[in-house]
Amino acid sequence: MSKQIVSGVLLLNKTIGISSHSALAQAKRLFMSADFDSKKAGHTGTLDPMATGLLPICLGEATKFSSFGLDADKGYTAIIKLGEQTDTGDKEGQVIAQKAVPTFDRRALDEIANSLMGEQLQTPPMYSALKKDGKKLYEYARDGIEIERESRLIVIHHLALTKLSDNEIALDVICSKGTYVRVLGETIAERLGTVGHLTALHRTSTGGFNVSDAISVDELSDLSFDERFGKLLPVDVLLNHLPIIKLTTDETARIKMGQRLNVKDRIDDLVLDADSLQVRLYCDDKFIGLGQVEKNGRLQPVRVISA
C-alpha cells in the first residue's frame, strides 16, 4: 500500500542557531510515518542561522506554488549595532572596521528612513547564498575571494528606525523579495556617518502571513501526530490574492489532461489589465490548480495538483 502524500503549508517560527534547511528537515520528519510521506518539501525564502521568525514550509502539492511565497514582500525587525563593521554584516562575522558613532536623534533617523523609501539598487553581500558558476558566494567569501556582484532593484515599502541607545537602532521594514536587511543596516549606519552590523534579525511577515500564526519545531513536536495536521494550511493559501474561475467536472478532466478551455463567458468580472491573467481553478469548491486566462477567453493550465 502506497503512502499518502502530505500536502499543505506550515507556518514555521524558526528559532535562532539553525539553518533554514535544517528547520525544513526537522519539520518534514514530524509529518513522516508508516502511512504518510512528507519527503517533498521546500521553504519560501531562506533565513540565516542567526535570524528567527516566519519560515513558510510547503509540503507535497503546495511545492508547485512555492514561487508565490518566494516572490512575496517580506517584513522584518532587526537591531543595528553602530561603530563596528563585520565581514558578514551581522554578529556572526569578524569585526573588520571600527568607527566613532556620532550623536544622533529621532529626526536624523526619520530623515534616513524617508530617504531609503521606494525603489533603489542594492548590491548583494558576499556572505549570501547567491551562486556564481555553481558555487555559493559565501563559499568564495570563506576562501577570501571577492566576486563582483551586480546591483539589484529592490523596493522598501515601509521603514521605521528607533533609537535604543547611543550605539543601537531598532529597524522595522517591509520590503520586496531579494532585499538584504544586513546590507540595509550597513547603509543606515553609513548615512549616520559610521559603520554597523546586525545583532538580531526577525522575519515578521511574508505573503500575507504573520509570525504570530506560526509554530516552532519544538511546539510542533509536542503535538500528537494527528494534531500536527491541524497546523497545515490548504495548498491554495499561497494563491489567495488571485481571482477564481470555477470549472465543471468535464472541464476539470480536460484541464488535468493539459487541454485549453474557452471560458470567455466567465471573465467579465476579471480585470485583464495585461494580455493574460493568472487565476485559481476550482471544481465544486475543490482546488484544482493554477491557470492562465487570455483576453480572448482562452484558459490554459499552468500547474495542476495531482489529487
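Throughout what follows, the structure given in this document is the object of discussion. Residue numbering note: each chain is counted from 1, following its sequence as written. Residue-level local features of this predicted model are given only where pLDDT is at least 70; pairs of side-chain atoms are given and counted only at 80 or more, and the full residue set underlies all totals for whole chains, interfaces and linings. No hydrogens and no water enter the side-chain calculation; it runs on all heavy atoms of the structure.

Moving on: the nonpolar core. Residue types Ala, Val, Leu, Ile, Met, Phe, Trp, Tyr and Cys, when buried and joined through side-chain atoms within 4.5 Å, form a set referred to as a nonpolar core. The buried label applies to any residue whose accessible area, calculated with a 1.4 Å probe on protein chains only, is under 20% of its type's maximum; exposed applies above 50%, and partly exposed to all values in between. Among the nonpolar cores identified, the biggest contains 44 residues, and L10, L159, L161, I169, L171, V173 and I188 are the most heavily contacted of them. In what follows, a contact means two residues having at least one pair of non-hydrogen atoms within 4.5 Å. Leaving out residues up to four positions away in the same chain, I188 has contacts with I80, I112, L116, L161, I169 and L171. Counting 19 residues, the second largest nonpolar core, distinct from the first, contains L54, C58, F68 and Y282.

It is worth spelling out the pattern of salt bridges at this point. Note on definitions: salt bridges are taken to be side-chain nitrogens of Lys or Arg within 4 Å of carboxyl oxygens of Asp or Glu. Applying the stated criterion across every chain yields a total of 10 salt bridges. Measuring nitrogen to oxygen at the nearest pair gives 2.9 Å for the salt bridge that ties K64 to E61. Using a relative accessible area of 11% as the deciding quantity, one classes E61 as buried. K246 serves as the salt-bridge partner of D285, at 3.7 Å between the closest nitrogen and oxygen. In this pair, D285 is assigned in the loop between β19 (276-283) and β20 (286-294) and K246 in strand β17 (residues 244-246), connecting sequence segments 39 residues apart. Taken together, the salt bridges that share partners define one network made up of E251, D265 and R266. Secondary structure elements are defined from DSSP: runs of H or I of at least 4 residues count as helices, runs of E of at least 2 residues count as strands, and each element is numbered from the N terminus.

Here I244 is to be found in strand β17. Look at I244 and you get partly exposed, because its relative accessible area is 40%. C-alpha separation for the pair I244 and L299, spaced 55 residues apart in sequence, amounts to 12 Å. With sequence-adjacent residues up to four places away left out, I244 is seen in contact with R280 and Y282.

For the rest of this paragraph, the subject is the side chain of T252. Counting through the fold element by element, T252 comes out in helix α8 (residues 249-256). Judged by relative accessible area, which is 8%, T252 ranks as buried. Ignoring any residue separated from it by four or fewer positions in sequence, one finds T252 in contact with L247, C283 and I288.

So, about the environment of P124. Within the secondary structure, P124 sits in the loop between β9 (118-122) and β10 (131-132). The class for P124 is buried, based on a relative accessible area of 2%. Considering only alpha carbons, one finds P124 and T179, 55 residues apart in sequence, at a separation of 8.2 Å.

A positive phi angle, near 55 degrees, is found at D284, a position not held by glycine. Following the sequence through the fold, D284 ends up in the loop between β19 and β20. Positive phi, normally seen in glycine, also occurs at D285, with a value near 70 degrees.

Below, the discussion takes up α8. All of the buried residues in α8 are E251, T252 and I255. Take α8 and look down its axis: the buried residues cluster within an arc of 100 degrees, on one side only. Residues of α8 that are buried sit in contact with β17, β18 (261-262), β19, β20 and β21 (298-304). Looking one or two places after α8, you find G258, whose phi comes out positive at around 85 degrees. Each C-beta atom gives one direction from the helix axis, and the arc is the one those directions make.

We treat two strands as partners when DSSP finds at least two bridges between them. In space, the 5 strands of this open sheet follow the order β17-β19-β20-β21-β18, with mixed pairing throughout. Each edge of the open sheet is held by one strand with a lone partner, namely β17 and β18. Relative to β21, β18 is paired through 2 bridges, and the arrangement is antiparallel. Bridge pairing in β21 places N262 opposite R298.

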